[in-house]
Amino acid sequence: MKKIISFAAAATLAGGMLAAGSASAATTLESVKERGNLKCGVTSGLPGFSQPDDKGNWTGIDVDTCRAIAAAIFGDGSKVEFTPLTAKERLTALQSGEIDVLSRNTTWTLTRDVSLGLNFTGTNYYDGQGFLVRKDIGVDDAKQLDGATVCIQAGTTTELNLADYFRSNDMSFKPIVFDTSEQTVQGFSSDRCDVLTSDRSQLAALRSKLDDPDSAVILPNIISKEPLGPVVRQGDDQWFNIVKWSLFTQINAEELGITQDNVDEMKKSENPEIQRLLGTSGDMGEKLGLSADYGYRIVEQVGNYGEMYDRNVGPDTPLGLERGLNALWTDGGIMYAPPVR
Amino acid sequence: MNDSDTPPATAQRRPWNDPKVRSLAFQIIAILAVGWAGWSLLQNTFENMESRGISTGFGFLDESAGFGIIMSLIPYDATMSYGRTFWVGLLNTLLVSAMGVVAATIIGFIVGIARLSSNWVVAKLALVFVETIRNIPLLLQIFFWYFAVLRNLPSTRQSVDVGGVFFLNNRGLYLPEPLTESGFGWVLASLAIAVALVVGIKRWARKRQLKTGQLFPTFRVSLAILIALPGLAFLITGTPLTWELAELKGFNFVGGITIIPELAALWFALSIYTASFIAEIVRSGILAVSKGQTEAAQALGLQPGTIMRLVVIPQAMRVIVPPLTSQYLNLVKNSSLATAIGYPDLVGVFMGTTLNQTGQAVEVVAITMAVYLTISLLISLLMNIYNRKVALQER
Ligand SMILES: N[C@@H](CCC(=O)N[C@@H](CS)C(=O)NCC(=O)O)C(=O)O
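Residues numbered from 1 in each chain as written. Chains lettered and ligands numbered in written order. Predicted model: local features only at pLDDT ≥ 70, side-chain atom pairs only at ≥ 80, totals over all residues. Heavy atoms only, no water.

Engineer: Sorry if this is basic, but what is going on with the state of the cysteines here?
Structural biologist: Working definition of a disulfide: a covalent bond connecting the sulfur atoms of two cysteines. Residue and element names in this part refer to chain A. Enumeration according to the criterion identifies two disulfides over all chains in this entry. Covalently, C40 is tied to C66 through a disulfide, its sulfur atoms 1.9 Å apart. One quick way to see it: the torsion about the S-S bond of C40 and C66 is about 70°, and its sign makes the bridge right-handed. Here C66 lies in helix 3 (residues 61-74) and C40 lies in strand 1 (residues 38-42), a separation of 26 residues in the sequence. With relative accessibility at 0%, the residue C66 sits in the buried group. Between the sulfur atoms of C151 and its disulfide mate C193 the distance is 1.6 Å. Here the residue C151 occupies a position in strand 9 (residues 148-153), and C193 occupies one in the loop between helix 7 (181-189) and strand 11 (195-199), the gap between them amounting to 42 residues. (Disulfide = S-S within 2.5 Å. Helix = DSSP H or I, 4+ residues; strand = E, 2+ residues; numbered from the N terminus. Buried < 20%, exposed > 50% of the residue type's maximum accessible area, 1.4 Å probe, protein only.)

Engineer: Any chance you could explain the sheet that holds strand 12 (residues 216-218) of chain A here in plain terms?
Structural biologist: Two orientations exist for strands paired in a sheet by backbone hydrogen bonds: parallel and antiparallel. All names here are of chain A. Spatially, the five strands line up as an open sheet ordered 10-9-11-8-12, and their pairing is mixed. The open sheet has two edge strands with one neighbour each: strand 10 (173-178) and strand 12. Neighbour to neighbour, the strand axes of the sheet diverge by 30° on average, direction disregarded. Bridging between strand 8 (residues 129-134) and strand 12 involves three bridges; their strand directions are antiparallel. (Pairing = 2+ DSSP bridges. Axes fitted to C-alpha atoms, helices over the stretch in contact; angles between N-to-C directions.)

Engineer: Would you explain the nonpolar core in this entry?
Structural biologist: Looking at soluble globular proteins, one finds that nonpolar side chains tend to be buried together. The biggest cluster of nonpolar side chains holds 73 residues, and the ones touching the most others in it are L266, I320 and Y343 of chain B. At the level of secondary structure, the elements contributing two or more residues to this core comprise strand 10 of chain A together with helix 2 (82-115), helix 4 (138-149), helix 7 (261-288), helix 9 (304-334), helix 10 (346-358) and helix 11 (361-390) of chain B. Apart from residues lying up to four places away in sequence, I320 of chain B is in contact with F109, I281, V282 and G285 of chain B. Within the second largest apolar cluster, 66 residues are counted, among which are W239, W245, I298 and Y309 of chain A. (Core = buried A, V, L, I, M, F, W, Y, C linked by side-chain atoms within 4.5 Å. Contact = heavy atoms within 4.5 Å.)

Engineer: Which parts of the structure should I look at to understand the packing of helix 8 (residues 291-299) of chain B against helix 9 of chain B?
Structural biologist: The relative placement of two packed helices is expressed as an angle between their axes plus a distance between the axes. Residues and elements named next belong to chain B. Running from amino to carboxyl end, helix 8 crosses helix 9 at an angle of 155°, the nearest separation of the two axes being 10 Å. What the angle tells us is that helix 8 and helix 9 run roughly antiparallel. Crossing handedness for the pair helix 8 and helix 9: right-handed. Residue-level inspection shows Q293, T294, A297 and Q298 of helix 8 in contact with helix 9, the latter providing I307, V311, V312 and Q315. (Parallel < 35°, antiparallel > 145°, perpendicular 65-115°, else oblique. Left-handed = near helix turned anticlockwise from the far one by under 90°.)

Engineer: I would appreciate a short explanation of a nonpolar patch on the surface in the present structure.
Structural biologist: Residue and element names in this part refer to chain B. Taken together, the side chains of L188, L191, V195, V199, F219, L223, L226 and I227 make up a nonpolar region of the molecular surface, amounting to roughly 730 Å² of accessible area. At the level of secondary structure, the elements contributing two or more residues to the nonpolar patch comprise helix 5 (184-212) and helix 6 (218-236). Mapped onto the fold, L223 is located in helix 6. (Patch = residues over 30% accessible without salt bridge, like charges linked within 9 Å, V, L, I, M, F, W, Y side chains within 5 Å. Areas by Shrake-Rupley, 256 points an atom, 1.4 Å probe, with all protein chains shown as cover. Salt bridge = Lys/Arg side-chain N within 4 Å of Asp/Glu carboxyl O.)

Engineer: So what exactly am I meant to see when it comes to the packing of aromatic side chains here?
Structural biologist: Any aromatic ring pair is given by two values, namely how distant the centres are and how the planes are angled relative to each other. Residues and elements named next belong to chain A. A full pass over the atoms with the stated rule returns 24 aromatic pairs over all chains. Relative to Y309, the ring of Y125 lies with its centre 6.0 Å away and its plane at 0°, an arrangement referred to as stacked. Placement of Y125 in strand 7 (residues 125-127) and of Y309 in helix 14 (residues 305-312) is noted, with a sequence separation of 184 residues between them. Accessibility assignment for this pair places Y125 and Y309 in one class, buried. The interplanar angle of 45° and the centroid separation of 6.3 Å between the aromatic rings of Y305 and Y309 together place this pair among those described as tilted. Taken as a pair, Y305 and Y309 lie in helix 14 at a separation of four residues, close to a single helical turn. (Phe/Tyr/Trp six-rings, centres within 6.5 Å; stacked < 30°, edge-to-face > 60°.)

What follows is the structure, encoded as C-alpha cells:
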C-alpha cells in the first residue's frame, strides 16, 4: 500500500506543478495561520524521534522541533498535525505541499538541498551511519562484514553510504531493501540479514524495539556524516527563516540557561541577550513576522534544546544517547546557533 | 448490381460536405488537440518545476547510481548508471511475471478441470482452493509466503544440504551454476538441428496419418533425437561444461545460482492467486462447450482424456482466451507489490531508490508508467493474435 501512497505523492507533485501559477497566492505562514495548525511530516514511528503512543499523541525530538515552530506561530505547541511518512514518501510530500515542514531524521545533503526545490533550515541532531549486528555472529568491527547480507530502508542516504563503504573497503554485500523501518527490523530479527544499517541514533531506537535488545550490538564504526534537520520548500524565505530561527532559539536558550522551569523568572532578567530572546526588549519577533514573545512561547511550551534532547533521546531514555557532538559548542560539542541580535 | 441505388453524382459536392472527409478531418483535429494538450501539460510541468528549483530532464539516467541491488540478471554494480538500474529492475519484473504467467496457467488449468471432475473429493478440493485463495488479498498472501513460510527455513549454518549440490536456507535456494567451456557452441548447434528435425518429423507424421491413417510414435522418436544428438556432440567435444557449486564462505553461500526468498515468495503468491481466477475462467470455458460435443466424441469411442484434449479444450479456448489475457495483465501489474518484501523489481529499484536518490519523480514515474503500458499492450497483442488463431473460423 505504501507504494500507492508514494505513487499518489508523485502524482500530486506532477499535478501540483501543472496547476501552479507563477506566484502562489498565499505565503506558507499565512496559510498555516488561516488553517490554524502546522502540518509536519514525521516518521511512521521511530522511538525518540517521532513516535505516536496508543492514544495518537506524538513524542520525540523531531516532533518537539515541530511543536516549537507551532509555539512560535500560535503560542501553542499543540497546534500541529503530524503526517507519518516513509523515507521514500517524505521529500515528495514536502515538494507537493502536503506538509509545511518535514522533520523526519532527514540528512542534509547537497543533492537534496540543491536540486529538489527544498531547503534545510538547520540541524537538530548530528549523526552518522553505523551497523547493528546480532551478538552471536561474533563481529566487533564493520571491516569484518565482507559478504554479509544487509537490511536497509529504501530511499535513504544509508543505501548510498553502504555501497560506498563496502566498495572502498573492497568488500561485497547483499542489500535487502525494505519500504518501512518496521519491515527492516523484522528482516533483521528473523535472520534474513546479518546486519541492519542506518543512522546510529536510529539503530539505538530500532534496537530498543527488538524483543531482546541485548541480543544485538551497535558496532563502533561511524561511516558517514548525517546531519539531521528540518526541511522546507524553496522560495518562501520568510517561512524558511521562521523554521530556522525556532530551532536556533532553542539552542540559544540552552546556552543562556533559560529552561522551561525558569523562563518566567528569566523574563525579568537584565541580560540584554535574554531580553531579546524572550521578547521583553527589541523587535525580533516582528522581524520574523511573529509575535514579540515568540521565543518565550517556544521555551515555555517545548523547552530549550538540551531539555528536548534529554527528554527524548538522552541518557535516561531507552535510547540512552550521550550528547556527544550534539552538546553545545561551549561544552565540547558542535551545537551552535547564531546570536539573536 | 443495382445502378439506381448509387447516390447521384458527387461532382459538385464540396469536400467539407463529404461525410468521409469530414470525419477524417475531425479525427485529425482531435488527435492534434490531444497531442498539443499533452505536450503543453508536460512543458508547463517542467517549467513550473524549474521555477521552483527542482531539477528536470533525463540527464540523470547517465549518472552513476551508487547503490547496490541484491539480484540482477545482467551484470550490475554500484558504479553503473541510473539508466542501468532501470534495466535491472525491468528484467526482474519481467522474470517474475513470466514465471508467474507460466505457473498460474498450469495450476489454473489443472484446478479448473479438477473443479469439473466426477470425483467428488477432487472437485470439492478444487472448489475450496479457488474460494479461499481468490478471497484473500494478494498482499497478505505475499506476506504469508515471505514471513510465515520462507522465514521458517533453517539458518545459513543449518542449511538443508542435498548431496552437497543443492542448499536451502532462509537466505535462498542455492543451485549449481553451469559454466560453459569452448566447444559448447557445437552442443547448442546440434540441439538446434535436433529441434529442426523434430519439427520436420512431426509434420511428416501428421501428413502421413491424414493420408494413410497410420500412426507414427512421434513423441518417442522426438525425445530420442533431442537427447541423442546434443548428447553425442557433448561427448565428442569433450564435455565442455562444468558445474559451479555454491559453498559456505563467511556469512553466506557464494557461487552457484541463488533463488532469493523474495523472488520465491512473490512467485508463489502471484501464481497461486492468479491461478484461482484462471481456474474459474477455464471451468466456465469448458461448461460453455455444448454437451453434444462430448457425447458425439463418446459415441465415436474416444477416451475421456482425449475428448478433453482434442474436442472440449480447443473449443473452450475461444471463451477462455479473452479473460485469460486480463489475468495475465493483472499478474504483471500485481508484481509491483514486490516492494513490500524487498524484491528488486522495476517499482522497487527504479521508482523506489532511483527516484529517491535523484528526486526526479515526474520523469521516473512517467517512464515507469510507459513501461507497464507497453508490457500490457504487448501481452494484449500476443493474446489477440493467439485468439484469432483459436477463434471460430466462419466458413
Ligand atoms: N538520515 C537518513 C535515514 C533516515 C531514515 O529514514 N531512517 C529510517 C531508519 S531505518 C527511519 O527513520 N525509518 C522510520 C520510518 O520509515 O518510519 C536519510 O535522511 O536518508
